[in-house]
Amino acid sequence: MDGRRLLASNDFLWNENQRLREQNTSLRQQLAQREDQARQLAQLQQKHQKLIEHNSALRRQVAQLRQQLKTQPRPAPPPFIKPAAPDSRHRKTPGQKPGHAAALRPAPAHIDVHQQVPLPIDTAGVVSCPHCKTQLSEVKHHERVVEEIIPVKLQTTCFHCISGYCPSCRKHIESRADEQPPAADLPHAQLGINALTWAAVMRVCYRMPLRQITALFQQLGLKMSPGAIAKQLQRMSRWLHGQYHRLQLSLRLAGVVHADETGWRTNGRNGYLWTLTNAEHTLYHIDRSRSGRVIADLLGSDFGSDGQGTLVSDFYGAYRQFKGSQQKCLAHLLRELKDSATRRPELSGHAFFRKCKRLIKEMLKLKTHREHLKPAAYAHQVELLEKRLAKLGQKRWDDEDADRLANRLRKYGGQLTTFLHKKEVDGTNNAAERALRPAVVMRKISGGSRSAAGARAWAILASVMRTAQQQGRDVVATIQELLKAEWSGRQATLLTELLMPTIIENRL
């Protein structure tokens with residue numbers, strides 16, 4: 001073999017060696033990758049098996065929790081959420097009972113307009129069909145009564161007044177019509193008594209926002225801003241301030257007064273709305289404080305001290321300062337029993353909770369049957385109930401909630417049965433809660449008041465309007481009559497007819 005062929009073979013073998021080395025390296029890398037993949041696969045299989053076992057454990061836990069949910073009662077909703085009404089299979093069917101006459105809207109007392117609605121008449125003078133012109137047979141006449149509201153028309157009145165100085169009275173005198181508001185030198189026109197009254201009624205009774213009132217007035221042709229309405233409401237409250245004091249005095253002299261309070265924000269700051277009410281009068285008051293000073297200033301610190309007045313309230317400590325007769329709300333006590341049993345379901349079968357709930361219901365039921373019992377029999381039943389109540393309060397029940405409520409029975413024992421001795425007293429404070437309910441709806445819509453003056457104005461107007469509604473009066477007509485009396489300097493006794501003017505002057 002010559003040298004050239006040997007060099008060529010050597011080169012070939014060298015290249016083949018390089019190729020095999022590279023192939024060897026590549027195969028080693030692939031083998032290493034496969035070994036890594038095999039290890040990863042083994043690890044994944046182990047993780048997969050662990051996940052399967054963990055998933056099975058979770059499924060068993062979910063099944064156990066579902067079983068516990070079926071056996072345990074649902075937790076009570078948060079205090080800011082009203083609980084759902086229970087499903088009842090025997091709900092009252094709406095409408096009148098079978099056999100009763102339908103409750104329809106009353107028929108109009110009189111007809112204001114009679115309008116003839118004819119059909120076409122052919123050449124022979126006979127009533128014909130408006131579509132095909134055929135003569136009609138069996139022609140009858142009908143009366144279809146329709147009640148309609150006449151569109152409101154804006155009316156501007158210019159009162160031509162005369163003024164002068166009286167040397168005897170030492171003041172300027174100006175003539176004024178009964179329906180004319182007190183004179184004010186303004187570049188624009190004043191609001192009339194109808195506009196003032198309806199703005200107040202829409203704000204207080206119908207709880208409309210100020211911007212919606214202005215939008216409605218603008219559709220009727222009367223342009224004003226929400227701030228203008230707020231200012232006019234404050235003016236009306238100053239005119240009706242005397243009526244507010246008369247209502248306060250009426251409640252101070254009343255035989256039974258219900259009192260309650262709730263939250264009310266003024267200019268973004270927390271405060272309270274107080275209410276005093278009885279069958280014919282209601283008083284609202286907005287204050288920054290919830291202390292006993294507020295109710296003492298409203299009702300008088302000596303209320304009931306003469307033995308004539310009775311205060312009905314909840315168990316708030318501010319009402320304990322009154323030395324007269326009191327009645328604590330049994331509905332609040334029943335609600336406390338129910339809430340405690342909801343929070344702790346095991347208390348539903350507790351002896352104290354069962355006996356106390358049954359006793360309160362028997363007390364309320366006995367009051368409803370008072371007219372059907374002889375006085376001696378009724379007094380005997382009251383005595384038995386009072387003994388049971390005292391026994392419940394004196395016993396120790398070895399439970400935190402039961403002992404807490406039993407202590408309340410001991411603390412207020414005599415104030416839980418006042419309604420059984422006094423015929424005019426109710427066992428619950430529902431009257432005050434009903435008086436607060438419209439105010440709470442107003443608070444939810446408006447968020448409260450923007451200023452102390454606005455809060456004061458709302459309290460005065462709401463007190464007067466609520467009282468007018470309680471007495472079955474027309475609110476608009478009542479407000480207008482009170483405003484006319486105030487503008488003319490007369491003393492209006494429309495809502496407080498039982499009060500003597502001399503008594504009012506002395507007490508206020």
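In what follows, the structure referred to is the one given above.
Below, the structure is looked at part by part. Source: prediction; values computed, not measured.

1. Things to note about the overall build of the chain
- Assigned secondary structure in the chain consists of 15 helices and seven strands.
- Dimensions of the chain along its principal axes, counting C-alpha atoms only, are 160 × 95 × 75 Å.
- Evaluated residue by residue, the chain yields a buried proportion of 32% over its 508 residues.
- In the chain, the share of contacts with a sequence separation of at least 24, taken over all contacts with a separation of at least 6, comes to 62%.
- Carbon and sulfur atoms form 52% of the exposed surface of the chain, whose accessible area is close to 35,100 Å².
- Within the chain, one finds 79 positive and 46 negative side-chain charges whose respective centroids are separated by 4 Å.

2. Things to note about the sheet that holds strand β6 (residues 310-313)
- In space, the five strands of this open sheet follow the order β5-β4-β3-β6-β7, with mixed pairing throughout. Every other strand in the sheet has two partners, leaving β5 (282-287) and β7 (325-328) as the edge strands with one partner each. Strand-to-strand twist in this sheet, taken as the mean axis angle between neighbours without regard to direction, amounts to 25°.
- Summarising the sheet, strand β3 (residues 256-266) and strand β4 (residues 269-277) pair through nine bridges and their orientation is antiparallel. Looking across to β4, one finds that Arg-265 is bridged to Asn-270.

3. With respect to the pattern of salt bridges
- For the structure on display, the rule yields 15 salt bridges.
- When the shortest N-O distance is used, the salt bridge between Arg-293 and Asp-287 registers 3.9 Å.
- Given the relative accessible area of 45%, Arg-293 is considered partly exposed.

4. Details of the packing of aromatic side chains
- Per the stated rule, a full pass over the model turns up nine aromatic pairs.
- Taking the centre distance of 5.2 Å and the plane angle of 70° together, the rings of Phe-315 and Tyr-412 count as edge-to-face. Taken together, the positions of Phe-315 in the loop between β6 and β7 and Tyr-412 in the loop between α10 (400-411) and α11 (418-421) put the pair 97 residues apart, joining distant regions of the chain.
- On the accessibility criterion, Phe-315 (14% relative accessible area) is buried.
- Given a relative accessible area of 7%, Tyr-412 falls into the buried group.
- A network of ring pairs unites the aromatic residues Trp-264, Tyr-284 and Trp-458 as a single cluster.
- Residue placement shows Arg-290 over the ring face of Tyr-316; its charged tip is 3.9 Å from the ring centre.
- Here the basic side chain of Arg-408 rests over the ring of Phe-315, its NZ or CZ set 4.7 Å away from the ring centre.

5. Comments concerning the packing of helix α9 (residues 375-394) against α10
- Put simply, α9 and α10 touch, their axes get as near as 7 Å, and they point 130° apart. In terms of orientation, α9 lies oblique with respect to α10. With respect to the hand of their crossing, α9 and α10 are arranged in left-handed fashion. The residues of α10 that touch α9, namely those facing Leu-389, Leu-392, Gly-393 and Gln-394, are Ala-406, Leu-409 and Arg-410.
- Split by residue class, the contact of α9 with α10 holds four nonpolar, two polar and one charged.

6. A few points about the packing of helix α5 (residues 241-252) against helix α6 (residues 292-299)
- For the pair α5 and α6, the least separation of the axes is 8 Å and the interaxial angle reads 95°. Judged by the inter-axis angle, α5 sits roughly perpendicular to α6. When α5 is examined against α6, the residues Gln-248, Leu-251 and Arg-252 are found in contact with a partner set consisting of Asp-297, Leu-298 and Leu-299.
- Grouping the constituent residues of the contact of α5 with α6 by class yields three nonpolar, one polar and two charged.

7. Observations regarding the nonpolar core
- Leu-276, Trp-458 and Met-465 are the most contacted members of the largest nonpolar core, which has 64 residues in total.
- When neighbours within four sequence positions are excluded, Leu-276 is seen to be in contact with Leu-251, Val-257, His-258, Ala-259, His-281, Thr-282, Leu-283, Ile-295, Leu-298 and Leu-299.
- Within the second largest apolar cluster, 30 residues are counted, among which are Leu-337, Phe-352, Tyr-378 and Leu-389.

8. Comments concerning a nonpolar patch on the surface
- On the surface, a cluster of nonpolar side chains totalling about 240 Å² of accessible area is made up of Leu-119, Leu-136 and Val-139.
- With respect to the secondary-structure elements, Val-139 resides in the loop between α1 (3-71) and β1 (163-166).

9. Considering the pairing of β4
- The loop that links β3 with its antiparallel partner β4 comprises two residues; one of these, Asn-267, has a positive phi angle of about 55°.
- Where β4 and β5 come together, six bridges link them in antiparallel fashion. Residue pairing for β5: Thr-275 is matched across the bridge by Tyr-284.

10. Thoughts on the side chain of Thr-428
- Along the chain, the position of Thr-428 falls in the loop between α11 and α12 (430-446).
- One polar contact links Thr-428 to Asp-426, side chain to side chain, over a distance of 3.3 Å.
- There is a polar contact of 3.0 Å between the side chain of Thr-428 and the side chain of Asn-430.
- Residue contacts for Thr-428: discarding those within four places in its chain leaves His-258, Val-312, Cys-329, Leu-330, Ala-331 and Leu-364.

11. A short note on the pairing of strand β2 (residues 171-174)
- Two elements, β1 and β2, share four bridges in a ladder whose sense is antiparallel. Along β2, the bridge assignment pairs Ser-163 with Glu-174.
- Counting the residues between successive antiparallel strands, the hairpin from β1 to β2 contains four residues, one of them, Arg-170, with a positive phi of roughly 60°.

The rules we used
- Residues numbered from 1 in each chain as written.
- Predicted model: local features only at pLDDT ≥ 70, side-chain atom pairs only at ≥ 80, totals over all residues.
- Heavy atoms only, no water.
- Helix = DSSP H or I, 4+ residues; strand = E, 2+ residues; numbered from the N terminus.
- Buried < 20%, exposed > 50% of the residue type's maximum accessible area, 1.4 Å probe, protein only.
- Contact = heavy atoms within 4.5 Å.
- Areas by Shrake-Rupley, 256 points an atom, 1.4 Å probe, with all protein chains shown as cover.
- Lys, Arg positive; Asp, Glu negative; His and termini not counted.
- Charge placed at Lys NZ, Arg CZ, Asp CG, Glu CD.
- Pairing = 2+ DSSP bridges.
- Axes fitted to C-alpha atoms, helices over the stretch in contact; angles between N-to-C directions.
- Salt bridge = Lys/Arg side-chain N within 4 Å of Asp/Glu carboxyl O.
- Phe/Tyr/Trp six-rings, centres within 6.5 Å; stacked < 30°, edge-to-face > 60°.
- Lys NZ or Arg CZ within 6 Å of the ring centre and 35° of its normal.
- Parallel < 35°, antiparallel > 145°, perpendicular 65-115°, else oblique.
- Left-handed = near helix turned anticlockwise from the far one by under 90°.
- Nonpolar A, V, L, I, M, F, W, Y, C, P; charged D, E, K, R; others polar.
- Core = buried A, V, L, I, M, F, W, Y, C linked by side-chain atoms within 4.5 Å.
- Patch = residues over 30% accessible without salt bridge, like charges linked within 9 Å, V, L, I, M, F, W, Y side chains within 5 Å.
- Polar contact = N/O pair within 3.5 Å; in protein donor to acceptor, adjacent residues only side chain to side chain.

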